[in-house]
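# Structural description and commentary
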Amino acid sequence: MGIKKSPDEIAAGWMARIDRSSLTASENQELQLWLGSDIRHEGAFVRAQAIWHATERAKALYNPMNFQHSRTNTVSRRTFFSTAAAMALFCVPMKSGEASTKYKTENNIFKINEKRKSIILDCYSEVNSKSDFLSISYGRCFFSGVNHCINIGNIFAIVNGSMLITKNSLCDRALVTNGTAVIYGKTLSPERRILAGTEIIIRPQEKIRIGTVEQEHMRRLTDWTRGEVLLETETLSEASEIFNRYNSKQIVVSMRLAGLRLSGMFDLTKPDLFATAVEAVLGGVIRRDSNNIYLE
């Protein structure tokens, strides 16, 4: 009677098979059935991919969502199984031979479109991106892609869809806005599949919090990715701070107008149009110089 293999061993076997050549249609169907039969199988496959990514000789990871395969340098089956056995309990993508690219913004929004993924980087943010791995140094970014690993604090997420990630000195946050994600890590066992509307909050010295976000609030959180801002309860003083983050030309609000409110959807990159609306609706007076827009 044969010894039953663990999910990690089976996943490692699949990765070794994928490395030899592209899967046939029947093999691909068999893999999809195995992945879908138990969430632990998907987690094992995620770990196997991360281990494979850490071998330094691997150039690309297989994507079971679109069945595309890029040939890698050969890593022996024995080497891969021994590595998997050592790292099966917890693994993260590690530095490999391929270079990462750093993207950094100041008072602007930056969009990166690459094969199989897109990234929208908010102002005053920084990320590091590899072919199948993304980490955010600080700020906020919106990711869309398939089978991509994202570093979120002390855990990792394999994203199939889109995710909003925020990192600051207080906490790390990740919100699945479309599709699904599998999250895993030392402080999270077993791995979990989360759906759109699920938010992860990680604070130092605290347990990971997983909650839900309503559709309307989720839309507001991602307005900036479309270059928009919806003002409802913000004062003109607060609104000017939002516009000033995204523009070199700064809005300066007088004390007379600072506490007033103007509701509506506005273009983040066009502070002049916002100033014109304040003038028309609230009776403000606009004065301009080369650097500022004064609302008096």
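Structure: above.
For the structure given in this document, a descriptive report is provided here. (Residues numbered from 1 in each chain as written. Predicted model: local features only at pLDDT ≥ 70, side-chain atom pairs only at ≥ 80, totals over all residues. Heavy atoms only, no water.)

This brings us to helix α8 (residues 271-282). Compared with an ideal rise of 1.5 Å per residue, which puts twelve residues at 16 Å, α8 spans 16 Å between its outermost C-alpha atoms and is within 8% of the ideal. Residues Pro271, Phe274, Ala275, Ala277 and Val278 constitute the buried set of α8. All buried residues of α8 project into a common sector of 160° when viewed along the axis, lining one side. When the buried face of α8 is taken as reference, the exposed residues oriented beyond 90 degrees from it are Leu273 and Ala280. (Helix = DSSP H or I, 4+ residues; strand = E, 2+ residues; numbered from the N terminus. Expected span 1.5 Å × (residues − 1). Buried < 20%, exposed > 50% of the residue type's maximum accessible area, 1.4 Å probe, protein only. Arc of directions from axis to C-beta.)

Here three strands make up an open sheet; going across it, the order is β12-β15-β14 and the pairing mixed. Because the sheet does not close on itself, it has two edges, and the strands there are β12 (250-253) and β14 (286-288). Taken over all neighbouring pairs, the strand axes of this sheet differ in orientation by 25° on average, direction set aside. (Pairing = 2+ DSSP bridges. Axes fitted to C-alpha atoms, helices over the stretch in contact; angles between N-to-C directions.)

Positioned with a positive phi, Tyr124 is a non-glycine residue whose angle comes to about 55°. Tyr124 gets classed as partly exposed once you look at its relative accessible area, which sits at 40%. A positive phi angle, near 55°, is found at Asn147, a position not held by glycine. Here Asn147 lies in strand β5 (residues 133-152).

The next point concerns the side chain of Ser162. Position of Ser162 among the secondary structure elements: in strand β6 (residues 155-167). One polar contact links Ser162 to Thr177, side chain to side chain, over a distance of 2.6 Å. Setting aside its immediate chain neighbours within four residues, Ser162 contacts Phe142, Phe143, Ser144, Leu175, Val176, Thr177 and Asn178. (Polar contact = N/O pair within 3.5 Å; in protein donor to acceptor, adjacent residues only side chain to side chain. Contact = heavy atoms within 4.5 Å.)

For the rest of this paragraph, the subject is the packing of helix α6 (residues 236-246) against α8. Axis separation between α6 and α8 bottoms out at 11 Å; the angle between their running directions is 165°. Put simply, α6 runs roughly antiparallel to α8. In the packing of α6 onto α8, the handedness of the crossing is right-handed. Together, Leu236, Ala239 and Phe243 of α6 and Pro271, Phe274, Val278 and Leu282 of α8 make up the contact between the two elements. Of the residues assigned to the contact of α6 with α8, the class counts are seven nonpolar, no polar and no charged. (Parallel < 35°, antiparallel > 145°, perpendicular 65-115°, else oblique. Left-handed = near helix turned anticlockwise from the far one by under 90°. Nonpolar A, V, L, I, M, F, W, Y, C, P; charged D, E, K, R; others polar.)

Moving on to the packing of aromatic side chains. On inspection of all chains with the given rule, the structure shows five aromatic pairs. Centroid distance Tyr103 to Phe110: 6.0 Å. Interplanar angle 40°. Geometry classified as tilted. The class of Tyr103 is buried, set by a relative accessible area of 14%. The partly exposed category is assigned to Phe110, whose relative accessible area is 35%. With a centroid separation of 5.2 Å and 90° between ring planes, the pair formed by Phe266 and Phe274 is classed as edge-to-face. The exposure class assigned to Phe274 is buried, which follows from its relative accessible area of 1%. (Phe/Tyr/Trp six-rings, centres within 6.5 Å; stacked < 30°, edge-to-face > 60°.)

In this section: the layout of surface pockets. Counted as a void, the largest pocket has a volume near 360 Å³. Lining the largest pocket are 14 residues, with Arg140, Arg220, Trp224, Val229 and Ile242 sitting closest to its centre. Of all the elements in the fold, those that place two or more residues in the lining of the largest pocket are α5 (215-221), β11 (228-231) and α6. Its residues placed into classes, the lining of the largest pocket shows seven nonpolar, one polar and six charged. (1 Å grid on protein atoms, 1.4 Å probe; cavity = no way out; pocket = protein on both sides within 12 Å on 5 of 7 lines; lining within 4 Å. Points joined across faces, edges and corners; volume = space filled by probe spheres on them.)

Moving on, we come to the pairing of β5. Within β5, 14 of the 20 residues are buried, leaving the element largely enclosed by the surrounding structure. Pairing of strand β4 (residues 126-129) with β5, which is carried by four bridges, proceeds in the antiparallel orientation. By the bridge assignment, Glu126 is partnered in β5 with Tyr138. Taken together, β4 and the strand that follows it, β5, pair antiparallel across an intervening segment of three residues.

When you line up the elements, Glu234 lands in the loop between β11 and α6. The buried category is assigned to Glu234, whose relative accessible area is 18%. Among the polar contacts listed, one links the side chain of Glu234 to the backbone nitrogen of Glu232, at a separation of 2.8 Å. Residues within four places of Glu234 in sequence aside, it is in contact with Arg220, Ala239, Leu260, Arg261 and Leu262.

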